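# Secondary and tertiary structure notes
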Amino acid sequence: MRRLIPAVLLLGAACSDLISPTRVPPYEYRQFVASGGSRIDTLTFRWPRSFLPVRIWVADDEPLRQPISTAISRWQGALLFGEFRAEMVTDSSRADVIVRNVPSPGGIGLSRIRLDALAPECIGATDIRTDAALTQVILPMRVYIWPRFSPQNPNLPACYEITATHELGHVLGIINPNHSPDIGDVMFSNPVFNGLSDRDISTAEVVSHITPTLTPTGRR
Amino acid sequence: MQFPSLLVIGALVVAPIGAQTTARLTVGGTLGTALASDQLGGPVSLGTGVPVTAALSVAHPIGAGYRALAEVRGGRGALRADNNGESSTIPGLTTVGLMLLVDGPLAHRVRWELGAGFLSYRPAELSGAFSKGGPTPWLLGAGLNWSRPLSESFDLVANGRYDFHQFRSRQLDSRGYTQYQSVHRIGLGVGIERSF
């Protein structure tokens, strides 16, 4: 009988499977828009696998390079099965996402989704241009992150990190303009949490496996 | 530990090299089952595809037709992510396996081999399940080796290998995954064996 014990243990080891964790419920990630009369249209977006890695451009001399790099690492680490990958590119003409350290332009027009963030020391905005039929996202997406007050504010680097993570959450597909209702999430409208909460991760996982209504186009 | 270091250790294990000691180099491919899988709106999984594999081993007789082998087996390929029927690859996954084996005669020109060791996953890109690096699980393996003399000191060899290990990366661990994923692999290689 004792001779069988190693064989049984070996067989058990050879047949084991990973056991998934219990996940917290996600927050709302979709955008609802009026679609003629009283009808509401639901917009969802995620990057098709064929577009990975997403190309992100940040100017070399901008203070946003490191925060964007941190944000990329965070979201890539959150999605375990290669659902989202991004890389920094040196040529803005090839970029899917252009990040600038300037205030967002006014007047966003009709075919554009504007998603704002208002952290204590800095402001962020993501512009996602769509076609008139609301079926396509026209690349590149544009991310703006800029200081609210003095660029010399010592808390600005941390604010940039929070806001870069927040805006990249929009780029990833969390496009609900009302954001997360919980201050403990980086996708809260005025984010203060410097990281990804379990709800942020859970929401990103859901977003990354939907059948989206918006698909990207115009990649150069 | 770098690849050359493993080669040196492998060589030292069977020292002193003397008469009847052989060295074998094979090149081929390895097919493996998923490293991780889950249900996220449908089935998702992460695998290694079919990486190109090279194996270098040194064997020394230990009596009655049996030999002890030290082997370094390296694979270079890509991670393959399958998400609800949509696939993508994450380039640059290297595996380095170090095994100690025993082999013996089975039939004419065919020998069996059995051993254990470790397998190190070395991703080029720290993302997804490999965000915190790759694990180094233990490895059990068995195989068959066929050889045919080409000259006095060189043989043509073909090697078939089955091995299994348990996989869970630190990132999977930190995200609350428990237990381990059993990964079964089959490798085929052809090469040469030289007698010293």
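Given the structure is predicted, the values throughout are model-derived calculations rather than measurements.

Moving on, we get to the overall build of chain A. For chain A, the count of helices and strands is 4 helices and 9 strands. Shown N-terminal to C-terminal, the secondary structure of chain A runs as helices and strands in the order α-β-β-β-α-β-β-β-β-β-α-α-β. Expressed as lengths along the three principal axes of its C-alpha atoms, the size of chain A is roughly 80 × 50 × 35 Å. Within the span of chain A, comprising 220 residues, buried residues form 41% of the whole. Counted over contacts in chain A with a minimum sequence separation of 6, partners at least 24 positions apart contribute 69%.

On to the interface of chain B and chain A, then. The partner chain A presents 22 residues to the 33 residues of chain B that form the contact. Taken together, the elements giving at least two residues each to the side of chain B that touches chain A come down to strand E2 (36-39), strand E3 (43-47), strand E5 (66-83), strand E6 (86-107), strand E9 (154-167), helix H2 (170-174) and strand E10 (181-195) of chain B. Looking at the side of chain B that touches chain A element by element, the count peaks at 4 residues for E6 of chain B. Broken down by class, the residue content of the side of chain B that touches chain A amounts to 12 nonpolar, 17 polar and 4 charged.

The next thing to look at is the pairing of E9 of chain B. Side-chain positions along a regular strand alternate between the two faces of the sheet. Residue and element names in this part refer to chain B. One ladder, built from 11 bridges, connects strand E8 (residues 138-149) with E9; its direction is antiparallel. Bridging from a neighbouring strand, Leu139 pairs with His165 of E9. Linking E8 back to E9 in an antiparallel pair, the connection comprises 4 residues.

All names here are of chain A. Of all 10 residues that make up helix H4 (residues 198-207), 7 are buried, and the element is covered over most of its length. Those residues of H4 not exposed but buried are Arg199, Asp200, Ile201, Thr203, Ala204, Glu205 and Val207. Buried residues along H4 sit in contact with helix H2 (65-78) and helix H3 (156-172).

This next bit is on the confidence of the model for chain B. On average, residues of chain B carry a pLDDT of 90, and 90% of them reach 70 or more. Reported confidences for the modelled complex are a pTM of 0.87 and an ipTM of 0.85.

Here we take up unusual backbone geometry. Following Leu52 of chain A, the chain continues to Pro53 of chain A via a peptide bond in cis, the omega torsion being 0°. Secondary-structure assignment places Pro53 of chain A in the loop between strand E2 (40-43) and strand E3 (54-58). For the bond from Leu139 of chain A to Pro140 of chain A, the omega torsion is 5°, close enough to zero to count as cis. Take Pro140 of chain A: it is sitting in strand E8 (residues 136-147). Positive phi outside glycine occurs at Ala64 of chain B, with the angle close to 55°.

What follows is about the environment of Pro120 of chain A. All names here are of chain A. Turning to its location among the elements, Pro120 is positioned in the loop between strand E6 (112-118) and strand E7 (122-130). Between the C-alpha atoms of Pro120 and Phe45, which are 75 residues apart in sequence, the distance is 28 Å. Apart from residues lying up to four places away in sequence, Pro120 is in contact with Cys159 and Val192.

Calculation notes
Residues numbered from 1 in each chain as written. Chains lettered and ligands numbered in written order. Predicted model: local features only at pLDDT ≥ 70, side-chain atom pairs only at ≥ 80, totals over all residues. Helix = DSSP H or I, 4+ residues; strand = E, 2+ residues; numbered from the N terminus. Buried ≥ 20, exposed ≤ 12 C-beta atoms within 10 Å, placed from the backbone. Contact = placed C-beta atoms within 7 Å. Nonpolar A, V, L, I, M, F, W, Y, C, P; charged D, E, K, R; others polar. Pairing = 2+ DSSP bridges. pLDDT = per-residue confidence, 0-100.

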